[in-house]
Amino acid sequence: MNRYAVPMRPGGLREMKKSQTRQLIADTAASLFRARGFDDVTVDEIAAVAQVSKKTVFNHFPTKEDLVFYKAEEREAMSLAAVREREPGVSILDSFRQLCRSQTRLVAGIRRDQAQPRGFFDLVNANPSLQRKMYEVNAHLVDTLAEAVAAETEAEPDDPIPSIVASTLIGAQRALYRRLRERVASGDDDETIERAHHDDVRRVFDRLRDGFGDYPSR
C-alpha cells in the first residue's frame, strides 16, 4: 500500500460505488436494447444481467425510459455550466458557442452508435414512449436553463425573454448535433467533420448574435 496515498472519505467511496453501479446498469440496458429492442427487454432481465436488484435499478432510473436517456443529466449539467460557470466577460451566447464547438468530441461515440444494429435514435424513433420521453427531456432542459438565465438577469416572473433565450440556445444545440450526426454518417474523416462543424457553429451563432432583422434578405 502506498503510504503517501490520500485515504478516500467514506462518503466519497459511497458516491463512487453509486456512480459505478449506475453506469453498469445503463451499459447493461443499452447492450440488451441494442440486441433485442426496447419493448422486448424487461427491467427484471436488466437487473439479472447487471447482478443487481430490480429495486436498485429503479433507485437509479425511475422509469424504464430513463435507462435510454441516462446521459440527460450530463447534458443538463454542461448546459447549466455554460451559463453559471462561464468566465467573467463571456456572454451566455459565446459560452454556448464554445459548448457547441466541443460537440466534435462526440464523433467517436457517434460512429460507435451508428455502427450498432439499434443505435440510440433507432430505438427512439421506433418507440412512441421514447419519443415522448425525448420531448420531456428537452422541455425540462429548456425550463431549467430558462430558470438559470432568469436568475442571473433578475428577470420578472412573467418575463418571456429567458424562456426564449433558453429555447433558442437548446434548439441551436440540437440542430447542430443532428447535423454533426449526418456528417458522421456520410463517412467523412474526422478532420473534415470538425472543420465543417465548426463552420456550422460559427454561422449559427453569428446569426444569433446579429439577430434576424435582416434575415433572410429579399
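- As annotated in an unreviewed UniProt entry, the chain is TetR family transcriptional regulator from Planotetraspora phitsanulokensis.

## Concerning the overall build of the chain
1) Next: When helices and strands are counted, the chain shows 11 helices and zero strands.
2) Next: Walking the chain from its N terminus toward its C terminus, one meets helices and strands in the order α-α-α-α-α-α-α-α-α-α-α.
3) Next: Summarising its shape, the C-alpha atoms of the chain cover approximately 60 × 45 × 40 Å along the three principal directions.
4) Next: Taking all contacts inside the chain whose residues are at least 6 apart in sequence as the whole, residues at least 24 apart take part in 69%.
5) Next: For the chain, the exposed area adds up to about 13900 Å²; of that, 51% sits on carbon and sulfur atoms.
6) Next: Separation of charge centres in the chain, based on 34 positive and 35 negative side chains, amounts to 5 Å.

## Things to note about the environment of Asn138
1) Next: If you trace the backbone, Asn138 turns up in helix α9 (residues 128–153).
2) Next: Of the residues examined, Asn138 reaches a relative accessible area of 9% and is grouped as buried.
3) Next: As for Asn138 and Glu76, which are separated by 62 residues in sequence, their C-alpha atoms are 9.4 Å apart.
4) Next: Filtering out sequence-adjacent residues up to four positions away, Asn138 remains in contact with Arg75 and Arg174.

## Focus on the UniProt feature "DNA-binding region" (unreviewed entry) in the chain
1) Next: Sites flagged by UniProt as "DNA-binding region" (unreviewed entry) map to residues 42–61.
2) Next: Taken end to end, residues 42–61 comprises 75% helix and 0% strand; its first and last C-alpha atoms sit 13 Å apart.

## Let's talk about the packing of aromatic side chains
1) Next: Enumeration according to the criterion identifies three aromatic pairs in this entry.
2) Next: Geometrically, the ring pair formed by Phe33 and Phe38 is tilted, given 5.1 Å between the ring centres and 50 degrees between the ring planes. Residue Phe33 shares its accessibility class with Phe38, and that shared class is buried.
3) Next: Site record: aromatic cluster; members linked through ring pairs are Phe69, Phe120 and Phe121.
4) Next: Sitting over the ring of Phe38, Lys64 keeps its end group 4.4 Å from the ring centre.

## Things to note about the layout of surface pockets
Left-over empty space is what a probe sized like a water molecule reveals as it rolls over the atoms.
1) Next: By volume, the largest pocket amounts to about 1400 Å³.
2) Next: Contributing to the lining of the largest pocket are 39 residues, with Lys71, Leu106, Phe120, Phe121 and Tyr177 lying nearest its centre.
3) Next: Sorting the residues of the lining of the largest pocket by element identifies α1 (10–36), α4 (64–68), α5 (72–84), α6 (92–101), α7 (107–115), α8 (120–125), α9 and α10 (161–185) as the ones contributing at least two each.
4) Next: At six residues, α10 tops the list of elements feeding residues into the lining of the largest pocket.
5) Next: In this model, the second largest pocket occupies a volume close to 260 Å³.
6) Next: In terms of lining residues, the second largest pocket is bounded by 16 residues, among which Asp66, Phe69, Ala72, Glu73 and Val137 are the most central.
7) Next: Listed by contribution, the elements that provide at least two residues to the lining of the second largest pocket are α5 and α9.
8) Next: At five residues, α9 tops the list of elements feeding residues into the lining of the second largest pocket.

## Notes on helix α11 (residues 190–210)
1) Next: A rise of 1.5 Å per residue sets the reference length of α11, with its 21 residues, at 30 Å; its end C-alpha atoms lie 30 Å apart and thus fit the reference within 8%.
2) Next: Restricting attention to buried positions, one finds in α11 the residues Ile193, Ala196, His197, His198, Asp200, Val201, Phe205 and Asp206.
3) Next: The secondary structure elements touched by the buried residues of α11 are α6, α7 and α10.
4) Next: Where α11 begins, the side chain of Asp189 points an oxygen toward the backbone nitrogen of Glu191, at a separation of 3.1 Å.
5) Next: Backbone geometry just downstream of α11 places Gly211 in the positive-phi region, at approximately 85 degrees.

How each quantity is defined
- Residues numbered from 1 in each chain as written.
- Predicted model: local features only at pLDDT ≥ 70, side-chain atom pairs only at ≥ 80, totals over all residues.
- Heavy atoms only, no water.
- Helix = DSSP H or I, 4+ residues; strand = E, 2+ residues; numbered from the N terminus.
- Contact = heavy atoms within 4.5 Å.
- Areas by Shrake-Rupley, 256 points an atom, 1.4 Å probe, with all protein chains shown as cover.
- Lys, Arg positive; Asp, Glu negative; His and termini not counted.
- Charge placed at Lys NZ, Arg CZ, Asp CG, Glu CD.
- Buried < 20%, exposed > 50% of the residue type's maximum accessible area, 1.4 Å probe, protein only.
- UniProt positions renumbered as here; feature names shortened; annotations may be inferred.
- Phe/Tyr/Trp six-rings, centres within 6.5 Å; stacked < 30°, edge-to-face > 60°.
- Lys NZ or Arg CZ within 6 Å of the ring centre and 35° of its normal.
- 1 Å grid on protein atoms, 1.4 Å probe; cavity = no way out; pocket = protein on both sides within 12 Å on 5 of 7 lines; lining within 4 Å.
- Points joined across faces, edges and corners; volume = space filled by probe spheres on them.
- Expected span 1.5 Å × (residues − 1).
- Polar contact = N/O pair within 3.5 Å; in protein donor to acceptor, adjacent residues only side chain to side chain.

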